[in-house]
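Take a look at the letters that make up each chain.
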Amino acid sequence: MTTNSVNPFDCLPDELIEYIFFTIIYSPPVEPYNHVNNIATSTFYFSHSLHEPYLRRTYKDLTSLELVCRRFYNLLRSSAFWLQKCHRDHVAIGNEPLAISTGIDFRRLYFSNPFHPDYNLLNLNSSNQDQLNQFWTPNVSWEETPVGSDLLYDEFGLVSSCYATSYAWGQYQRDNVQLLRKGEEKLVSINPVIEFTVCVAGRWDCSSICNLELCFSNGHEWKYQRSFSNGDCQWHRLVYRYVNYRQNEMPSHVSIILKGKDQRFWAGNYGTKFAQIKLRLALRQENETENREFEETMLNSQIPQVA
Amino acid sequence: MATTTDSSNTSATTTTENATSKTIKIQSNDGETHEIDQGVVEQSSTIKTLSDLMDLGDVPIPLPNVKGSILTPIVEFCNYHKNDPKPEPLDDDDDDDPNKDIYEPKRSDDICEWDQNFIKRFTVQEGTLFDIIMASISCAANYLGIKTLLAVGCKTIANMVRGKASSEVREMFNISYDPPGEGLNAPNAIESQAGTVPTTQDTSATGPSPQPDPMN
């Protein structure tokens, strides 16, 4: 068939063939509000739901090329190649050195990244507002923008909606939320951090309180209470990072209950507001061995830098 | 006085003489000489290094790995691009990457029109496309180290292969089939799985996998 022809790729070094592969990329356009900048590292990431189909398409093209010849196969199956590809294509991992040292499969991570900062285990199957509302008791009202409290911005620079509780306990309940999806069982050996965050605020004209409770399937519990005095209408982000479970015995599920109410017994929704409820896995930070809860006040002027 | 390049082996454009511009000569491995100005020199990391290091005068730099039929269009490419703004260094480049200053991977669909027309003159069949790419890289002092042309060439190849079935790619580049797997019976099973993306996170469905993957 082709006796006089030579495979032209033979004379190219591996780095160059990899370079050709690196340039195969499908990417959404960078637009205001669809990505988050990380000033410290000069990188950014896209919203997870926006980015995922593009990543899958790129992955599909590249894995097709694996079948062309042995050399392509070896290059495209190398973890080092995919680590670079993740980095270049803005696949946000978090703690890259840790990811490398724990032997995470970057090839799979490229299209299925449970550590994406925007990936919320609580919103997996529900993206429309009605589906999300079902987890709240009926006496809680949804506010497109907070009424009586400061505005709250998300990491993309958009104003967040919130849920406002009333004079009787209003409650958000999620039972047995699965922490690992099918196929992610190997992540157990990395001992990821289970991170829960929620933003809470009171109204300027009414004091209120809230209770948070997490029950993990291994028996571990975390409880938190916060009250808001009259006039405190700023948002506060509450974070809990569960780190200190037995090695390789990460819990499989967690149940969540959030409750809030006002302290004046007023008709209407003057109780604690909740927003940006998020549950996700994350890579441990350096020297992170203890469980940690902390609170950040979201100052109104802290509008995220949007390119 | 400026002269334009033609396809025979005479000098390339010279700029108007002034005190700060200097031209140097380069010579292909089959004896063609080109005289190039500073704007062209800047684009080739190899030539630039050499001309910075020493005063060459009239002696042409020999390029033993580049033949005249390839060198002439390369000089043409560099002359076209010599007034391009220098690209800003990318902040998110990996500082440890030894290839950092050569490879600037971006997307493959942002090649400008002049470059597209230029690169069309070189084909895979005649081997000229790969000749251009090889001449542009700089893994050895014999090559030229021209980032922009390298990018255009590689992106062109990327565009040729993206979205194609592996058998089409093999045919395009005359690559012989050597599956890293069981044998002649493997190909059919593999081809039918080509390019599949697992929709669930099932460990057994990671796409075409002719060999048990140690990573899985």
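Described in the following lines is the structure provided in the data block.

Here is what the cut-offs are and how they apply
- The written sequence of each chain sets the order in which its residues are numbered from 1.
- Each chain takes a letter, starting from A, and each ligand takes a number, starting from 1, following the order in which they are written.
- With the structure being a predicted model, the display of local features is reserved for residues of pLDDT at least 70 and the display and counting of side-chain atom pairs for 80 or more, all residues being used for whole-chain, interface and lining totals.
- Calculation of side-chain values draws on the structure's entire complement of heavy atoms; hydrogens and water are dropped beforehand.
- At least two DSSP bridges between two strands are needed for those strands to be called paired.
- Strands are runs of DSSP state E lasting at least two residues, helices are runs of H or I lasting at least four, and both sets are numbered from the N terminus onward.
- Helix axes are fitted only over the stretch in contact, all axes being lines through C-alpha atoms; the angle between N-to-C directions runs from 0 to 180 degrees.
- Should any heavy atoms of two residues lie within 4.5 Å, those residues are counted as being in contact.
- To define a nonpolar core, start from buried Ala, Val, Leu, Ile, Met, Phe, Trp, Tyr and Cys residues and group those joined through side-chain atoms within 4.5 Å.
- Only protein chains enter the accessibility calculation, which uses a 1.4 Å probe. A residue is then buried if its area is under 20% of the maximum for its type, exposed if over 50%, and partly exposed in between.
- Domain segmentation is taken from an automatic or database assignment of domains.
- For Phe, Tyr and Trp, where Trp contributes only its six-membered ring, two rings pair if their centres lie within 6.5 Å, and the inter-plane angle classes them as stacked under 30 degrees, edge-to-face over 60, or tilted in between.
- Remark: a charge is flagged as sitting over a ring if the NZ atom of Lys or the CZ atom of Arg is within 6 Å of the ring centre and within 35 degrees of the ring normal.

### Quick notes on the sheet that holds strand β2 (residues 33–36) of chain B
Residue and element names in this part refer to chain B.
Point 1. Taking strand neighbours across the sheet as the criterion, the three strands line up as β2-β1-β3 in an open arrangement whose pairing is mixed. Of all strands in the sheet, those bounded by a partner on one side alone are β2 and β3 (61–63). The average angle at which neighbouring strand axes cross in this sheet is 30°, direction not considered.
Point 2. Direction of pairing for strand β1 (residues 24–28) relative to β2: antiparallel, over a ladder of four bridges. Looking at β2, one finds that Ile24 is bridged to Ile36.
Point 3. Contacting β1, β2 and β3, helix α2 (residues 45–53) runs over the sheet at an angle of about 130° to β1.

### What about the sheet that holds strand β8 (residues 221–228) of chain A?
All names here are of chain A.
Point 1. The strand order β5-β10-β7-β8 describes an open sheet built from four strands, whose pairing is antiparallel. Each of the sheet's edge strands pairs with one partner strand only, and the pair in question is β5 (170–178) and β8. Taking the axes of each pair of neighbouring strands and ignoring which way they run, one obtains an average angle of 10° across the sheet.

### A short note on the nonpolar core
Point 1. In terms of nonpolar packing, the biggest core is built from 108 residues, with Phe9(A) and Leu279(A) touching the most fellow members.
Point 2. Tallying contributions element by element places helix α6 (residues 147–161) of chain B first for this core, with eight residues.
Point 3. Residues lining this core come from more than one domain, with at least three contributed by each of domain 1 (8–32 + 41–112) and domain 2 (129–298) of chain A.
Point 4. Here Phe9(A) is in contact with Ile17(A), Ile20(A), Arg71(A), Phe72(A), Phe130(B), Ile157(B), Phe173(B) and Ile175(B), once residues within four sequence places are set aside.
Point 5. Counting seven residues, the second largest nonpolar core, distinct from the first, contains Leu152(A), Cys162(A), Cys199(A) and Ala201(A).

### Here we look at the packing of aromatic side chains
Point 1. The tally for this structure, following the rule as stated, stands at 28 aromatic pairs over all chains.
Point 2. Between the aromatic rings of Trp222(A) and Tyr224(A), the centroid separation amounts to 5.4 Å while the plane-to-plane angle is 25°, which identifies the pairing as stacked. Tyr224(A) shares its class with Trp222(A); the two are buried.
Point 3. Centre to centre, the rings of Phe77(B) and Phe118(B) are 5.1 Å apart; their planes meet at 50°, and the pair counts as tilted. Of the two residues, Phe77(B) sits in helix α3 (residues 68–81) while Phe118(B) sits in helix α4 (residues 113–120), which places them 41 residues apart along the sequence. As far as burial versus exposure is concerned, Phe77(B) and Phe118(B) are alike and both buried.
Point 4. Through a chain of ring-to-ring contacts, the aromatic side chains of Phe9(A), Phe21(A), Phe22(A), Tyr59(A), Phe72(A), Phe81(A), Trp82(A), Tyr110(A), Phe111(A), Phe130(B) and Phe173(B) assemble into a single cluster.
Point 5. Between Arg88(A) and the ring centre of Phe22(A), over which it is positioned, the NZ or CZ distance is 4.3 Å.

Shape is all these values report; function is a separate question.
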